[in-house]
Amino acid sequence: MAKYRCTVCGYIYDPEKGDPDNGVNPGTAFENLPAAWVCPECGVAKDMFEKI
Amino acid sequence: MGRIEIKKNIFWVGAVDWNVRTFHGHTYSTSRGTTYNAYLILDEKIALVDTVYGPFAQEMIERIKEIIPLEKIDYIIANHVETDHSGALPEIMKHCPKAKVLGTEKCKDGLYKHYYGNWDFQVVKTGDKLKLGKRTLTFLEAPMIHWPDSMFTYCPEEELLLPNDAFGQHYATSERFDDEVDEYALMDEAAKYYGNILWPLSTLILKKIEEVQKLDIPIKMIAPSHGIIWRRDPMKIVNAYLSWAKNEMKPKAVVIYETMWGSTEKMARKIVEGITDAGVSVKLFDINSSDRTEIIKEMLDARGYLIGSSTHDNDMLPNIAGFLEFLKGLKPKNRIASAFGSYGWAGGAVKEIEDVMKETGLEVAWPGVSARFVPDKDELQKCYAYGQGFANLLKGGK
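Small disclaimer: the values here were computed from a predicted structure and weren't measured.

1. With respect to the sheet that holds strand 8 (residues 46-49) of chain B
Residues and elements named next belong to chain B.
Point 1. The seven strands lie next to each other as 1-2-7-8-9-10-11, forming an open sheet whose pairing is mixed. Of all the strands in the sheet, the pair left with one neighbour each is strand 1 (4-7) and strand 11 (121-123). On average, each strand axis in the sheet is inclined to that of its neighbour by 25°, with strand direction left out of account.
Point 2. Bridge count between strand 1 and strand 2 (residues 10-12): three bridges; the pairing is antiparallel. Bridged to Ile4 within strand 2 is Trp12.
Point 3. Packed on one face of the sheet, helix 4 (residues 105-115) meets strand 10 (100-103) and strand 11 and runs near 150° to strand 11.

2. What about helix 11 (residues 349-360) of chain B?
Residue and element names in this part refer to chain B.
Point 1. With 12 residues, helix 11 ought to run about 16 Å at 1.5 Å a step, and its terminal C-alpha atoms sit 16 Å apart, in line with that.
Point 2. Against the buried residues of helix 11 lie strand 19 (302-309), helix 10 (318-329), strand 20 (336-343), strand 21 (363-364) and strand 22 (369-372).
Point 3. The first or second residue beyond helix 11 is Gly361, which carries a positive phi of 90°.

3. As for the sheet that holds strand 1 (residues 4-6) of chain A
Hydrogen bonding along the main chain pairs the strands of a sheet, whether they run parallel or antiparallel.
Residues and elements named next belong to chain A.
Point 1. One open sheet accounts for three strands, arranged 2-1-3; its pairing is antiparallel. Pairing within the sheet leaves two strands with one partner each, and these edge strands are strand 2 (12-13) and strand 3 (49-51).
Point 2. Strand direction decides the pairing type here: strand 1 and strand 2, joined by two bridges, are antiparallel. Each residue of the ladder has a partner; that of Tyr4, found in strand 2, is Tyr13.

4. Some words on the pairing of strand 18 (residues 281-286) of chain B
Residue and element names in this part refer to chain B.
Point 1. Sheet analysis places strand 17 (residues 250-258) next to strand 18, joined by six bridges and oriented parallel. Note that in strand 18 the partner of Val254 across the bridge is Lys283.
Point 2. Between the parallel elements strand 17 and strand 18, the chain passes through helix 8 (residues 263-277) in a crossover that is right-handed.

5. Side note on the interface of chain B and chain A
Point 1. Listed as interface residues are eight residues of chain B and, on the opposing side, seven residues of chain A.
Point 2. Viewed at the interface, chain A and chain B are joined by zero salt bridges.
Point 3. Across the side of chain B that touches chain A, the residue classes break down as five nonpolar, no polar and three charged.

6. Remarks on the domain arrangement of chain B
Residues and elements named next belong to chain B.
Point 1. When its domains are assigned, chain B resolves into domain 1 (4-245) and domain 2 (253-396).
Point 2. Taken over C-alpha atoms, the centre of domain 1 sits 38 Å from the centre of domain 2.
Point 3. Counting from both sides, the interface comprises 13 residues of domain 1 and, opposite them, 15 residues of domain 2.
Point 4. On the domain 1 side of the contact with domain 2, Asn196, Trp199 and Pro200 bury the most area, a combined 50% of that side's loss.
Point 5. In this structure, the salt-bridge partner of Glu294 is Lys192, at a minimum N-O distance of 3.6 Å.
Point 6. Connecting domain 1 to domain 2 are six residue pairs in polar contact (both at pLDDT 80 or more).
Point 7. A per-class count over the side of domain 1 that touches domain 2 returns six nonpolar, five polar and two charged.

Quick notes on the rules
Residues numbered from 1 in each chain as written. Chains lettered and ligands numbered in written order. Predicted model: local features only at pLDDT ≥ 70, side-chain atom pairs only at ≥ 80, totals over all residues. Heavy atoms only, no water. Pairing = 2+ DSSP bridges. Helix = DSSP H or I, 4+ residues; strand = E, 2+ residues; numbered from the N terminus. Axes fitted to C-alpha atoms, helices over the stretch in contact; angles between N-to-C directions. Contact = heavy atoms within 4.5 Å. Expected span 1.5 Å × (residues − 1). Right-handed = clockwise from strand over helix to strand, strands pointing away. Salt bridge = Lys/Arg side-chain N within 4 Å of Asp/Glu carboxyl O. Nonpolar A, V, L, I, M, F, W, Y, C, P; charged D, E, K, R; others polar. Domains from an automatic or database assignment. Buried area = accessible area lost by both parts, 1.4 Å probe. Polar contact = N/O pair within 3.5 Å; in protein donor to acceptor, adjacent residues only side chain to side chain.

In structure tokens, the structure reads:
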């Protein structure tokens, strides 16, 4: 599963860790994040992320 | 206008905004005013680090003219796009035909989207260096401290860090240095700044400070873009940031309420009595007579929050609701909370407050307390016991 970087603030979404603070379990692929999920650091939507 | 030299051939060329009382629109009350700090570095090449808020452009230009003609400026370092630091840039650029603007990629985009200027812009990245002559400037990107474009500038020869908004304070003074001002007021403003602006970015701040510490670069002076320059003991503010970023808290309670006819206020006072008698430090604020910026500062190092409201239209009152909405954005972590309030028939405020607390990530750790119409002796006794119970939770450090 690929990691993704927020192009606005540099936050890296690591699917192995997920985003438990915002209800995303570890092991969740970026593609499977809910459509309403936003960058936990700066708040932009998924379309502002790039694959790394 | 006297020259203010902060290091040999490095001058403060900012502006003091004595009378500003609200900042960022109305999100921050600058009760002690503020300053916009910019720095002029004279070497074989001349660099200006940051500018000031637009209305102060002329004042800044006058300050620079006292030192050199503006057209001699070779570089303008834009550490941050926000208009309180870049507002004077369009005016300054008119006087600096050869100046090149340096900043991050996001800064380039952000400045364009503010001023639509056709300026010679050089994008810099972490580790890039700019040789001025005897001195060098090194850049360190600091995204989300506190905007995506933010950057720190460091001058190794002077052991001088120019971190823009980090380590700043809204504090208007005729003095420029930490050893010249009242330390209590200085740290009070630094805490207010952190709590109201940087708090939600704590994880990133902690990482950034650790990154800088690993670089093992000596720092003898920290010159932020607002307020006082740290030269006596720059580690004092770094250590304070570390403590806030690590979410270090005291067993302290902050009680905030909104009342219609005084019943919720009676409850709040009794709760505070209970907390005090349990030996726990507490602050009480009526949301309608208090400065929100000040309340947030008190919440920064407090582990427990008690929020009260009378019920109105089966909900909490509007100003406490607005306050909680603001608090949510600050993302406080590992805090315990509880709700209280008076009602007439159906109630609703306590539940609504608890719902928002949960959305905010606060642990609703103690059952709420209510009183119908005007609290009687028994209800006030419940409030007292409620305060004591909550205080004991705080003391337990749970």
